[in-house]
Amino acid sequence: MGDYTNMSSYYDVIMTSGYYDYAQIVDDLTRHGPFTNILEIGCGTGLILEEFGRRHSSARITGIDLTEAMLQLARKRLAKFPTITLATQNVVELSLTENYDAAFSYGGVWYFVIDGDKEPFMVSHISGEADNLIGLKKLADRITSGGTLLLGIQGPHFNYEKPISNGMTYAQEVAPHDYGFTKHYYLIDEGRKVMAQTIDYRTYSWERTLGMLGDLGFTFIPQSGDAGKFLAFRKA
Ligand SMILES: C[S@@+](CC[C@H](N)C(=O)[O-])C[C@H]1O[C@@H](n2cnc3c(N)ncnc32)[C@H](O)[C@@H]1O
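J.: Explain the packing of helix α2 (residues 22–32) against helix α3 (residues 47–55) to me, please; I cannot follow it from the model alone.
T.: Relative placement of two packed helices is described by the angle separating their axes and the distance separating the axes. Relative to each other, α2 and α3 sit at 55°, their axes nearing to 9 Å. Taken together, the axes of α2 and α3 are oblique relative to one another. Helix-helix and strand crossings are classified by hand; for α2 and α3 the assignment is right-handed. Contacts between α2 and α3 pair Tyr 22, Ala 23, Ile 25, Val 26, Leu 29 and Thr 30 from the former with Leu 47, Ile 48, Glu 51, Phe 52 and Arg 55 from the latter. A per-class count over the contact of α2 with α3 returns eight nonpolar, one polar and two charged.

J.: How do you make sense of helix α4 (residues 68–78) when you look at a structure like this?
T.: At 3.6 residues per turn, the α-helix brings residues three or four places apart onto the same side. Those residues of α4 lying buried are Met 70, Leu 71, Ala 74 and Leu 78. Take α4 and look down its axis: the buried residues cluster within an arc of 95°, on one side only. The exposed set on the far side of α4, more than 90 degrees from its buried face, consists of Glu 68 and Lys 76. Of the surrounding secondary structure, the elements contacted by the buried residues of α4 are α1 (8–19), α3, β2 (60–65) and β3 (84–88).

J.: Would you take a moment to explain unusual backbone geometry for this structure?
T.: If a residue is not glycine, its phi is most likely negative; likewise, a peptide bond is most likely trans. In this chain, Gly 33 is followed by Pro 34 through a cis amide linkage whose omega measures 5°. On the secondary structure map, Pro 34 appears in the loop between α2 and β1 (37–41). Positive phi outside glycine occurs at Glu 190, with the angle close to 50°. Relative to the assigned elements, Glu 190 resides in the loop between β10 (180–189) and β11 (192–204).

J.: Would you mind showing me how to read the site of the ligand here?
T.: If you check the shell around the ligand, you find 24 residues, and the closest are Gly 2, Gly 42, Gly 44, Thr 67 and His 125. Elements represented by at least two residues in the shell around the ligand include exactly α3 and β2.

J.: How do you make sense of the environment of Leu 136 when you look at a structure like this?
T.: In this fold, Leu 136 is placed in helix α5 (residues 129–141). Judged by the 23 C-beta atoms lying within 10 Å of it, Leu 136 is buried. Leu 136 sits 107 residues away from Leu 29 along the chain, and the two C-alpha atoms are 20 Å apart. Residues contacting Leu 136, with those up to four places away along its chain left out, are Met 212 and Leu 216.

Cut-offs applied
Residues numbered from 1 in each chain as written. Predicted model: local features only at pLDDT ≥ 70, side-chain atom pairs only at ≥ 80, totals over all residues. Axes fitted to C-alpha atoms, helices over the stretch in contact; angles between N-to-C directions. Helix = DSSP H or I, 4+ residues; strand = E, 2+ residues; numbered from the N terminus. Parallel < 35°, antiparallel > 145°, perpendicular 65-115°, else oblique. Left-handed = near helix turned anticlockwise from the far one by under 90°. Contact = placed C-beta atoms within 7 Å. Nonpolar A, V, L, I, M, F, W, Y, C, P; charged D, E, K, R; others polar. Buried ≥ 20, exposed ≤ 12 C-beta atoms within 10 Å, placed from the backbone. Arc of directions from axis to C-beta. Near = placed C-beta within 6 Å.

See the structure below:
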């Protein structure tokens, strides 16, 4: 279930070789604020939280992730930020006690893919149907009334390989199946595979996503102009 242990020691170099634009992600998070108590679900090695903490030194932030190897890197990176707390947690078994005025996930547990003019669809790192409903409910219970849920937007996934900044080659292969797709991630160094990771993703149509989130009290908040890096939902 969404375990990033195999990729963890290469995660930062892959992501900062153009996979994600962290400055832009934090620009867009900031645009949706201000928030005072924020939760990131699937914070990984803390790259977003580092950029966010640098810009917003007074906001209280909690990052959770189920992959301990990713969190170990996040703990080192974020030690200098006294307002950031990290916890090893699977969102399906979320056991936080605080409430948050904003929760977000970028490439984390849940995110949207938007392919041109087509309707967005939601991608989940959680492959089981029942577990998704449990995780979304546990998350919803921690967001205050009037609070905001921000789920990241990505482009469509496709097969490719490209060199990254450490001289290795990053490759990914996507194989659709009946409830979503499987994605294989590889890192190749001088013809030798040094990292391989496979994640089984479940996908949800836009209509189904609105239904699931609507049942939990969330309404979609359309943005004027370019949606940027996140779709926003407001909790009743
Ligand atoms: C692609 S990484 C994104 C990390 C970070 N948000 C970033 O932008 O760099 C996805 C992260 O989600 C975490 N994850 C996947 N499923 C999860 C779950 N059920 N509960 C908590 N974290 C999860 C993985 O361990 C991984 O660190």
